[in-house]
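For reference, the chains in residue letters:
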Amino acid sequence: MRSKNRIGRALLIITIFLTCLCLFSSASEIASRPRKINPTTVIWYEHPADKWENAFPVGNGQLGAMVFGKTDEERIQLNEETYWSGGPYNQTRKGGYKHLAEIRKLIFDGDYLKAHHLFGRYLMGYPVEQQKYQSLGNLVLKFETQGEVKNYFHQLDLDSAIVTTSYQQNGVSFRREVFSSPVDQVIVIRIEADQPGAISFLAELRGCRNQAHSNYATDYFQMDGYGEDGLILTGKSADYLGIPGKIRYVCLLKAVPEGGEIKVSYRDLQVRKASAVTIYVSAATNFVSYKDLSADPLKKAQQALQAALKKRYQKIKDDHLTAHRELFRRVSLDLGSTENSFLPTDLRIKNFDGQNDPNLAALAFQFGRYLLISSSRPGTQPANLQGIWNESMNPPWDSKYTTNINTEMNYWPAEVTNLSECAEPLFKMIKELTDQGSEVAREHYGCRGWVFHQNTDIWRVAAPMDGPDWGAFTTGGAWLCTHLWEHYLFTRDKKFLAEYYPIMKGSVEFFLDFLVPHPKYGWLVTNPSTSPENFPDRPGNITFFDETTGWMSPGTTLCAGSTIDMQILNDLFGYVAEASQILGVDEEFRKKVLETRARLAPMQINKKGELQEWLEDWGQKEKSHRHISPLYGLYPGNQISATRTPELAAAARAVLEQRGLTGNGWSSAWKMACWARLYEPEKALENFHYALKNYSFNNLFSICSKALQVDGSFGMTAAVAEMLLQSHEGYLDFLPALPVSWSQGRVKGLVARGGFEVGLEWEKGKLKKAELVSRNGETCRIKIKPSVTLKVRSASGPVSLRKINRHLVEFKTKAGEKYTLTFLF
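About the thresholds
- Residues numbered from 1 in each chain as written.
- Predicted model: local features only at pLDDT ≥ 70, side-chain atom pairs only at ≥ 80, totals over all residues.
- Heavy atoms only, no water.
- Axes fitted to C-alpha atoms, helices over the stretch in contact; angles between N-to-C directions.
- Helix = DSSP H or I, 4+ residues; strand = E, 2+ residues; numbered from the N terminus.
- Parallel < 35°, antiparallel > 145°, perpendicular 65-115°, else oblique.
- Left-handed = near helix turned anticlockwise from the far one by under 90°.
- Contact = heavy atoms within 4.5 Å.
- Nonpolar A, V, L, I, M, F, W, Y, C, P; charged D, E, K, R; others polar.
- Buried < 20%, exposed > 50% of the residue type's maximum accessible area, 1.4 Å probe, protein only.
- Salt bridge = Lys/Arg side-chain N within 4 Å of Asp/Glu carboxyl O.

Q: Is there a simple way to explain the packing of helix H14 (residues 563-583) against helix H15 (residues 587-597) in this structure?
A: The geometry of a pair of packed helices is captured by two quantities: the angle between their axes and the separation between those axes. Remark: H14 packs on H15, axes separated minimally by 9 Å, with the N-to-C direction vectors making an angle of 155°. In terms of their interaxial angle, H14 and H15 are classed as roughly antiparallel. Crossing of H14 over H15 shows left-handed handedness. Between H14 and H15, the contacting residues are Asn 570, Phe 573, Gly 574, Val 576, Ala 577, Ser 580 and Gln 581 on the first element and Phe 589, Arg 590, Val 593, Leu 594, Thr 596 and Arg 597 on the second. Looking at side-chain class alone, the contact of H14 with H15 contains six nonpolar, five polar and two charged residues.

Q: Would you take a moment to explain unusual backbone geometry for this structure?
A: The phi angle of most residues is negative, glycine excepted, and most peptide bonds adopt the trans form. Residue Pro 528 follows Asn 527 across a cis peptide bond; omega there is 5°. By the secondary structure assignment, Pro 528 is in the loop between strand E21 (524-525) and strand E22 (536-537). Residue Pro 636 follows Tyr 635 across a cis peptide bond; omega there is 15°. Among the secondary structure elements, Pro 636 is positioned in the loop between strand E25 (619-620) and helix H16 (646-659). Residues other than glycine seldom take positive phi values, yet Trp 397 does so here, at roughly 50°. For Trp 397, the location among the structural elements is in the loop between helix H7 (359-375) and strand E18 (401-402). At Leu 700, a position not held by glycine, the phi torsion is positive, near 80°. By secondary structure assignment, the location of Leu 700 is in the loop between helix H18 (681-694) and strand E26 (702-704). For Leu 700, a relative accessible area of 6% corresponds to the buried category.

Q: Which parts of the structure should I look at to understand the pattern of salt bridges?
A: Working definition: two side chains of opposite charge can pair if their charged atoms are close together. In the structure shown here, the tally under the stated rule is 48 salt bridges. Of the charged contacts in the structure, one is a salt bridge between Glu 192 and Arg 190, with a shortest N-O distance of 3.0 Å. The class of Glu 192 is partly exposed, set by a relative accessible area of 30%. Accessibility expressed as a relative area gives 10% for Arg 190, which makes it buried.

Laid out in structure tokens, this is it:
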């Protein structure tokens, strides 16, 4: 008996020891897992997404998905970039120009409210609103496995563009991967288990309908089985604003199980006892262009799906990784990690105090680059207010293209963060906008050229919309044209410049006709004009009922010659004049443009020392307005400079101080970039910290008025780049706005104007080394401190430097050659 007891006790001790060892090994694995995560490229949770805004995005420019990572009933929300309400339409109001002279006189006479009413009646586009970006559907996977979930892990790896969800349940380890392939144009869901026959689920491909308008909406969808192993979702877009819904769409799903069995009913698909399953989703519409809907959506979806099914899963994944990383890995950034850097991302944000996790800024930087790669590729539509991700049939602001800041901000990081080709969809849209833009110029204003205002949709309408307070922004198209010039500055692509010069010239031609002398000041001004969405506090600007919008308005924004209008035109006129000289064309036109530019209303400083937002020294009805429109001239423009125009720079600083930290995500990003231009790194970082705490979801998507928007995420990327590298002054300025908490780091792959690819390393806040690749063989001019000695080498040996002044040196380069710069303090 004693012998048996001893044996029993020994077995018990061994069992306890082995159990503890297993628990220890498991715990060690869990504890070490965060340390294996790259805190600059991985966003992760220890739980599924609690709502759509916190889900993880994947996209290939055409197809987008938001992945929740649930273990019982997974939801993967789907988008196809061309699924919009309505169909081709035109907002142009014939003969509106007949009322322009009266509206202008009222504005010059100070009768802004009457001018507002007349603008609403005769110059607003009709319909007044525009079309909506739509949600395609939801893939729902109902898993049979029940029980406690352990070791849950949910991540978006920006470097691979794959969402991974892993967990243990009932002793089985499950793993799911989701990605949207830019090569094969399918969304792929891979489900694996470490035990055979452990995967069973029911799949539904659910459509979306406008439930808010269910009593009269005309969208519809049908859910059906598709063969013996698939599902199909078909439907049409809704009529909206009297515009018939002309989009037809098809979404196809095929499931490929390994082992087990598959069964398809009339509208769902069931997989039982499989060891692994790969699900492929394709989608297409009949959209060809903004005026052509002749495509066969079923044929397009079938072609993509059938081509993918001919390849092995691993081949599809490998091709996806290669295509994504060719873009993503061009740039790397490391600002330093701390204990906080290895926490789940939602906890990283919660614990962030602005200083204790430098690489959180690196993660936000890379997230913006990831979103641009995922939502805007050559041949796709541009990124809209939500990129390509939208779960609602009535999304905030219709998820359109808003061009009084938002669409422009979407593309601020494209050139500097080495994603130049991702801006191609924007350039194509600008060209398409000249179609209706030419009609609007002629019919609304009696002018040549083309004009575009503050919003458009996939149908490329160009007239004023929403109401006079927003729609009177006539320089939306001109602002977009500055992106064409910036692309040339970064690439020096003369073929591109020649192709798009007529577009830029057409915009200038409109304003040559539209500008009028101000009767009091004599300057040339835009009239009507507006400073985006900001209501001036001036005599008589009272609350009134607006017949255009049907609601009470706090006043009117109408004015003549807003500061941002003048700044944009000052830039565009200069760019077009320089482009004509580079291309050797339009000499007489160039003279006219420069003569007109010299007569534009100048920037002014008010009695408080702030840069004026309007021609007159008016206050603003809102204490801290989210738009900082008069600071366009500081960033992204280049008319206000801390070195060239210190008085204007001080006035711009005063505006930033007055506006403060509040606003929304994109407002914080804009302020951050402006502070970087003023060489105020701690102020820039303060706005970054405030944005993360107040205007960011757990996945780093930006927030605007509680809604998900991508502009702030893109803007943060551009602002971080601006803190590390500036080139707008005609020279390369390394680490111009480096915060104390970023005292050590490295960046590789940023791009400067002139076509220089830049890598930097620094320690204790001082630049240690820089590497440049000269893409075009231009002379490289660099800003240095007088106390610093710079040495430059290429593969051929030391490179001679020419000193311009005590702050600037330059050296000649050869195209394709690499240069190493060493800084001695």
